[in-house]
Amino acid sequence: MENTNEMQVIFESRSSNESFARVTVAAFMTSLNPTVEEVSDVKTAVSEAVTNAIIHGYENEVHNIYIRCRTEGKTLFLEIKDEGKGIEDISQAMEPLFTSKPELERSGMGFSFMEAFMDKLEVISEPGQGTVVKMEKTIGKGRRIWTTQSL
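Residues numbered from 1 in each chain as written. Predicted model: local features only at pLDDT ≥ 70, side-chain atom pairs only at ≥ 80, totals over all residues. Heavy atoms only, no water.

Remarks on the packing of helix H1 (residues 18–28) against helix H2 (residues 36–57)
Contact geometry of H1 with H2 gives a least axis separation of 9 Å together with a crossing angle of 140°. Note that H1 runs across H2; the crossing there is right-handed. When H1 is examined against H2, the residues Glu18, Ala21, Arg22, Val25 and Ala26 are found in contact with a partner set consisting of Val39, Val42, Lys43, Thr44, Val46, Ser47, Val50 and Thr51. Here the residues of the contact of H1 with H2 are counted per class, giving 7 nonpolar, 3 polar and 3 charged. (Axes fitted to C-alpha atoms, helices over the stretch in contact; angles between N-to-C directions. Helix = DSSP H or I, 4+ residues; strand = E, 2+ residues; numbered from the N terminus. Left-handed = near helix turned anticlockwise from the far one by under 90°. Contact = heavy atoms within 4.5 Å. Nonpolar A, V, L, I, M, F, W, Y, C, P; charged D, E, K, R; others polar.)

Examining the nonpolar core
Of all hydrophobic cores here, the largest spans 36 residues; its most connected members are Val46, Val50, Ile67, Leu76, Leu78, Phe111 and Met135. Breaking this core down by element, the ones donating at least two residues are strand S1 (4–12), H1, H2, strand S2 (64–72), strand S3 (75–82), helix H4 (110–117), strand S4 (120–126) and strand S5 (130–138). Top element by residues in this core is H2. It accounts for 9 residues. (Core = buried A, V, L, I, M, F, W, Y, C linked by side-chain atoms within 4.5 Å. Buried < 20%, exposed > 50% of the residue type's maximum accessible area, 1.4 Å probe, protein only.)

Section: the packing of H2 against H4
The geometry of H2 relative to H4 is characterised by a closest axis approach of 9 Å and an angle of 155° between their N-to-C directions. Overall, the two elements H2 and H4 adopt an arrangement that is roughly antiparallel. Judged by the twist between their axes, the crossing of H2 over H4 is left-handed. Counting all contacts with H2, which are made through Asp41, Thr44, Ala45, Glu48, Ala49 and Asn52, the residues of H4 involved are Gly110, Phe111, Phe113, Met114 and Phe117. Classifying every residue of the contact of H2 with H4 gives 6 nonpolar, 3 polar and 2 charged. (Parallel < 35°, antiparallel > 145°, perpendicular 65-115°, else oblique.)

Concerning the pairing of S2
Along S2, the buried face is formed by Ile65, Ile67, Cys69 and Thr71; none of Asn64, Tyr66, Arg68, Arg70 and Glu72, which line the opposite face, is buried. Two strands pair when backbone bridges link them, and S1 and S2 are joined in this way by 9 bridges, in the antiparallel orientation. Residue glutamate 6 lies in a different strand from S2, and its bridge partner there is arginine 70. Alignment of S2 against S3, held across 8 bridges, turns out to be antiparallel. By the bridge assignment, isoleucine 67 is partnered in S3 with isoleucine 80. What sits between S2 and S3 in their antiparallel hairpin is a turn of 2 residues, with glycine 73 showing a positive phi close to 65°. (Pairing = 2+ DSSP bridges.)

Here it is, written out as C-alpha cells:
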C-alpha cells in the first residue's frame, strides 16, 4: 500500500535504552512532517510506556522490549510490548496517580500522560504474559494553515 511504512526494534529493558527508544520513534515519524510539539508528545508517550515495561513489567530485570511502528497516511501507530509480569487490573493501573510502586516515588501518571499526548491508547495485558501498549497519533490534524491574500 502506498504511503505506509513500518519498522520494528527490539532492545534490552535497561533504563539507559529509554532515550534510544524515544529517538528511534522520533526519527521514524519524521516522514509525516510533524511539528516539534507532535514529536515531543510522541517521545513522552514512548518514554512512559518503556519506563512502565522496565519498572513494572520486568521489575528492573533485563529482558526484551519490542517496539513496532507503522505509518498509514498521516497516522502513526505504535505498539510497545513486554513479556513481563503483566497487569492484574488494567482499569486501576490507568487511574491517574495510581502506582503499584509508591516506594519508588513514581507519580502514577504514565498512562494519563500517554492518553493526553496521543489520540488513542489501548492497553492489553495478561498477568504472567506481559503487556502491549497500543497508541495512535494523527500528525497535522491540529495544525492551522495561514494564508495571506494580496490587497
